[in-house]
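Here are the chains, one letter per residue:
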Amino acid sequence: MRPYLRINMAMSADGKVATANRAAHTFGSPRDGRHLHELRAGADAIICGARTIEETGATLGNGGPRFDALRLRLGRQPRPVRVVVSGSASISPDAALWGDRSSPIVAWVGASAPRRRVEVLSRLADEIWMSPGDDIDVKAGLRWLAKTHHVRDALLEGGGFLNDAFFRAGVVDELHLTWCPLLMGGAKAPTAADGLGFASIAQAKRLRLDSIKRHGDELFLVYRSRRKQPRTAAVQGGCPPVS
Ligand SMILES: NC(=O)c1ccc[n+]([C@@H]2O[C@H](COP(=O)([O-])OP(=O)(O)OC[C@H]3O[C@@H](n4cnc5c(N)ncnc54)[C@H](OP(=O)(O)O)[C@@H]3O)[C@@H](O)[C@H]2O)c1
């Protein structure tokens, strides 16, 4: 059984999640920041792609005592497992993530990743999970998290390249999008789902709009797939409502 999986992303009015030069990545309001930490508080595992970790300096932290308390109220493990996905083990040893040892860090790498890089990574991460095949098998990775770390709810925080692999594998149960009131433009600006994408509209992932809330000029949208929510998610364990 795999964990229930949410994705959370902030995007501009024109659908970008960073500027084309990838310099600007924080543009949501404080309310959006709170939403991110509420979702983290409900997750047993937080998953993120290598480029996002490097470029944003993300450590996937808990957000302070207020969110620690929420995590306890939601019945979650005190600290989530942090998962960085780096198929070719290329993630920089200088990433800020490695300096924060507040909870276990697992690296997902592909079976064909250069051995020397995997050795470097194994000194940085607490644990390595090696996926069968060249690309990361995200479904197998989720099952491994459930079995090895008892993960029931997982939060994926991008970027678009990694999100796409989860969408194509059909393992995304909820998509939280914060639609922010700015335009970024740029043909090469990253979006919430890049990578290979779907070849046709017939194959495209269909979503159901579950809720939409407005805070100031920001819209908070929650889409769901058709998978039944587990009891933990239904009581908003990993999904505090956008209030
Ligand atoms: N606004 C938001 O909410 C938000 C959120 C997150 C990120 N972002 C932005 O998004 C940008 C980064 O996104 P991105 O799409 O370029 O990169 P990404 O998805 O964060 O990371 C891509 C890397 O992750 C690994 N990876 C991802 N999927 C894989 C798979 N299926 N198999 C094997 N390895 C896989 C690969 O690492 P290797 O190269 O080691 O193989 C790949 O190069 C940044 O500019 C960031 O600011 C914005």
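Heads up: the structure comes first, above all this text.
Since this is a predicted model, take the numbers as computed values, not measurements.

Parameters and conventions
Residues numbered from 1 in each chain as written. Predicted model: local features only at pLDDT ≥ 70, side-chain atom pairs only at ≥ 80, totals over all residues. Heavy atoms only, no water. Helix = DSSP H or I, 4+ residues; strand = E, 2+ residues; numbered from the N terminus. Rg over C-alpha atoms; globule rule 2.2 N^0.38 Å. Contact = heavy atoms within 4.5 Å. Areas by Shrake-Rupley, 256 points an atom, 1.4 Å probe, with all protein chains shown as cover. Lys, Arg positive; Asp, Glu negative; His and termini not counted. Charge placed at Lys NZ, Arg CZ, Asp CG, Glu CD. Pairing = 2+ DSSP bridges. Disulfide = S-S within 2.5 Å. Buried < 20%, exposed > 50% of the residue type's maximum accessible area, 1.4 Å probe, protein only. Arc of directions from axis to C-beta.

Draft legend 1. Spotlight on the overall build of the protein chain. On a plain count of helices and strands, the protein chain comes out with 7 helices and 9 strands. Taken against the 2.2 N^0.38 rule, which gives 18 Å for 243 residues, the C-alpha radius of gyration of the protein chain at 17 Å falls within 12% of a compact globule. For the C-alpha atoms alone, the extent of the protein chain along its principal axes is close to 50 × 45 × 35 Å. A fraction of 72% describes how many contacts in the protein chain between residues 6 or more apart in sequence connect residues 24 or more apart. Working note: accessible area of the protein chain is about 11,500 Å², and carbon and sulfur atoms make up 55% of it. When the 35 basic and 24 acidic side-chain charges of the protein chain are each reduced to a single mean position, those positions are 5 Å apart.

Draft legend 2. Main features of the pairing of strand β8 (residues 208-215). Pairing of β8 with strand β9 (residues 218-224), which is carried by 7 bridges, proceeds in the antiparallel orientation. Across the sheet, residue Ile212 finds its bridge partner in β9, namely Leu221. Counting the residues in the hairpin turn of β8 and β9 gives 2 residues, including Gly216, whose phi is positive at 60°.

Draft legend 3. The state of the cysteines, seen in detail. Counted according to the given criterion, the structure contains 0 disulfides. We note that Cys48 lacks a disulfide partner, and the nearest cysteine sulfur, in Cys180, lies 17 Å from it.

Draft legend 4. Spatial organisation of helix α4 (residues 115-124). Those residues of α4 not exposed but buried are Val118, Leu121 and Leu124. All buried residues of α4 project into a common sector of 110° when viewed along the axis, lining one side. Facing away from the buried side of α4 by over 90 degrees, the exposed positions are Arg115, Arg116 and Arg123. Looking at the buried residues of α4, the elements they touch are β4 (105-110) and β5 (127-131).

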